[in-house]
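These are the residues of each chain, in order.
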Amino acid sequence: MAETTLAPPEVQAETLLDSNELVLNMGPQHPSTHGVLRVILKLDGETVLGTDCVIGYLHRGVEKIAENRTFQQFAPYVDRMDYVAAVSNGLGYCMAVEKLLDAEVPPRAQAVRVILTELNRIASHLLWLGTHALDIGAITPVFLCFREREEVLKIFENYCGARLTTHAFRIGGLQYETYDTFEKQCLDLCDLMEQKLKEYHDLLTGNRIWVRRTKGVGILNAADCKDYGVTGPLIRAAGIEWDLRKAQPYCGYENYDFDIPTAETGDTFDRYMVRMEEMVQSCRIIRQAVDALPEGPIKGKVGKVIKPPPGEAYVSIEAPKGELGYYIVSDGSLNPYRVRVRPPSFVNLGALDKMCRGSLVADVVAIIGTIDIVLGEVDR
Amino acid sequence: MANLINTFLLTDLLKGLWTTFKNQKPSKVVTEQYPLNRPPVAERYRGAPRLNTHPETSETLCISCNLCALACPEQLIVVTSERNPETKRKDLTTFTYDVSRCMFCGLCEDACPVDALELTQDFELATYTREGQIWDRQMLEEGPLPVRYTH
Ligand code: SF4
Ligand code: SF4
């Protein structure tokens, strides 16, 4: 299907009815656009000739809000961008402000941060897997994935009191100490995940419908990935070992032993396999981090009033969806002068047109799902 | 050959279906019957706000320092006080908290120096009017009335 070449319709349309081309709006209320994405499809029969994304339906001006809030006050807002991976967002923001302040984060805080962000990666991938399978027509995985995701959310709830928009980290470290059964719950979750991942593989990996719907669909090769600035599982599925946790380790990721899963062709099936394997690797990291959880303080030396010196800082981390960057400019006052976010979903969505051209309408749904977008982050 | 058998017997599809059916056992049902059984929430849950009072004298713990109002990103807390000429301290007069705009981030709770303001485990905050979302001091001290839902 993906091999179909893009030929302009040979016969010039005389009347409207003769025309083979059709412009179709998909979304913003389409359930498989994962929120409020509107895609304008140009179709020739069932074949997609081109797509155009219309975004901004969920725009809340988060970057502008930052200019009117103090550094601490803005921290809960970043959770509302990629609300599926709120912990990663919080980590990126806190690290950027810490870089501005030149503040040290104690090792215990670092380790807890790693555990929580990896848990969040599992939660985010589970939500992706469930909804992506649902888009393609497999109804069961979504229930199973949400059941396991619930266990992750319970850890978040016990740790910081919120499930989704966690606000788990504070600038300079953590606000909350871990609770009594934290380590045990994390290890139990790793055991559970390893067992349940087998179940998902049983449901999907060998399933011929799933394979037919995903193999060879939405191919984005390595060169294109680089051209579009695509990051995260998309670029790894195209065969490039690019993971910021290895490429520029932060938060002590250099101390953990894990692999970067990659695949070759960069189609939807490969991205599925890469994400499944990433969950296994996350479990590995969580195990190591829990085993070696250091004692000590959880908050570094930052004052009650956070007033970074004038300057700018860019910090990027490997969020579940790709490279998440925060660029903060400080003018020496209590509020940031400018905050700019590099959201992975937004950049990855840019490759949608490239991936969709020549495929079928039904595959567009699969391709949107495989990019793993969260519109809160795309629109900010 | 194995592939051919697979094609005829649809073993891969049956394998998936078997996984589905394995989860049908009643012991594996995880659905919570919410309005009937209230799920327990975590100890640290950030829900409805409460203004703590002294357990014996039932005087408010709040010292009207206004730190919570300053910490809140949404600026939804309004604290007023008047100076007591005898003790030379500030006495709390009113305390308003707009729950409708609160995002339960917990910054106010962290800012309070005497643990007077606390986010509790109550999570049923729906009201019939917008005004009902603006909690006054009395409501904050007593907490929302527990509701039992029946059908
Ligand atoms: S929880 Fe957050 S938003 Fe709500 S009142 Fe406290 S500081 Fe403000
Ligand atoms: S921070 Fe605490 S003591 Fe100060 S005004 Fe708020 S509730 Fe009262």
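Above this text you will find the structure in question.
The structure contained in this document is the topic of the report that follows. In this text, all values refer to a predicted model and were calculated from it rather than measured experimentally. (Residues numbered from 1 in each chain as written. Chains lettered and ligands numbered in written order. Predicted model: local features only at pLDDT ≥ 70, side-chain atom pairs only at ≥ 80, totals over all residues.)

**What to know about the overall build of chain A**
And step 1. Within chain A, the secondary structure is distributed over 15 helices and eight strands.
And step 2. Radius of gyration (C-alpha) of chain A: 22 Å, near the 21 Å computed for a compact globule of 380 residues.
And step 3. Oriented by its inertia axes, the alpha-carbon framework of chain A measures out at about 75 × 50 × 35 Å.
And step 4. Expressed as a percentage of its 380 residues, the buried residues of chain A come to 52%.
And step 5. Summarising the internal contacts of chain A: among those between residues at least 6 apart in sequence, 71% fall at separations of at least 24. (Helix = DSSP H or I, 4+ residues; strand = E, 2+ residues; numbered from the N terminus. Rg over C-alpha atoms; globule rule 2.2 N^0.38 Å. Buried ≥ 20, exposed ≤ 12 C-beta atoms within 10 Å, placed from the backbone. Contact = placed C-beta atoms within 7 Å.)

**Some points on the site of ligand 2**
And step 1. The full set close to ligand 2 counts 13 residues, and B:Cys62, B:Cys65, B:Cys68, B:Cys112 and B:Leu117 are the nearest of them.
And step 2. Looking at the shell around ligand 2, its residues break down into 11 nonpolar, two polar and no charged. (Near = placed C-beta within 6 Å. Nonpolar A, V, L, I, M, F, W, Y, C, P; charged D, E, K, R; others polar.)

**Here we look at the nonpolar core**
Residue and element names in this part refer to chain A.
And step 1. Counting 129 residues, the largest nonpolar core has Val 97, Ile 115, Ile 286 and Ile 367 as the members making the most contacts within it.
And step 2. In terms of residue count, helix 4 (residues 107-136) provides more of this core than any other element does, 15 residues in total.
And step 3. Contact partners of Val 97, with chain neighbours within four places excluded, come to Phe 71, Ile 171, Ile 306, Pro 308 and Ile 328. (Core = buried A, V, L, I, M, F, W, Y, C linked by C-beta atoms within 7 Å.)

**Some points on the sheet that holds strand 2 (residues 38-44) of chain A**
Neighbouring strands of a sheet are bound in pairs by backbone hydrogen bonds; such pairs are parallel or else antiparallel.
Residue and element names in this part refer to chain A.
And step 1. The sheet built from three strands is open, its strands ordered 1-2-3 with antiparallel pairing. Taken across any chain shown, the strands that pair with only one partner, and hence form the sheet edges, are strand 1 (21-26) and strand 3 (47-54). Here the average twist between neighbouring strands, direction ignored, is 20°.
And step 2. With six bridges joining them, strand 1 and strand 2 adopt antiparallel strand pairing. (Pairing = 2+ DSSP bridges. Axes fitted to C-alpha atoms, helices over the stretch in contact; angles between N-to-C directions.)

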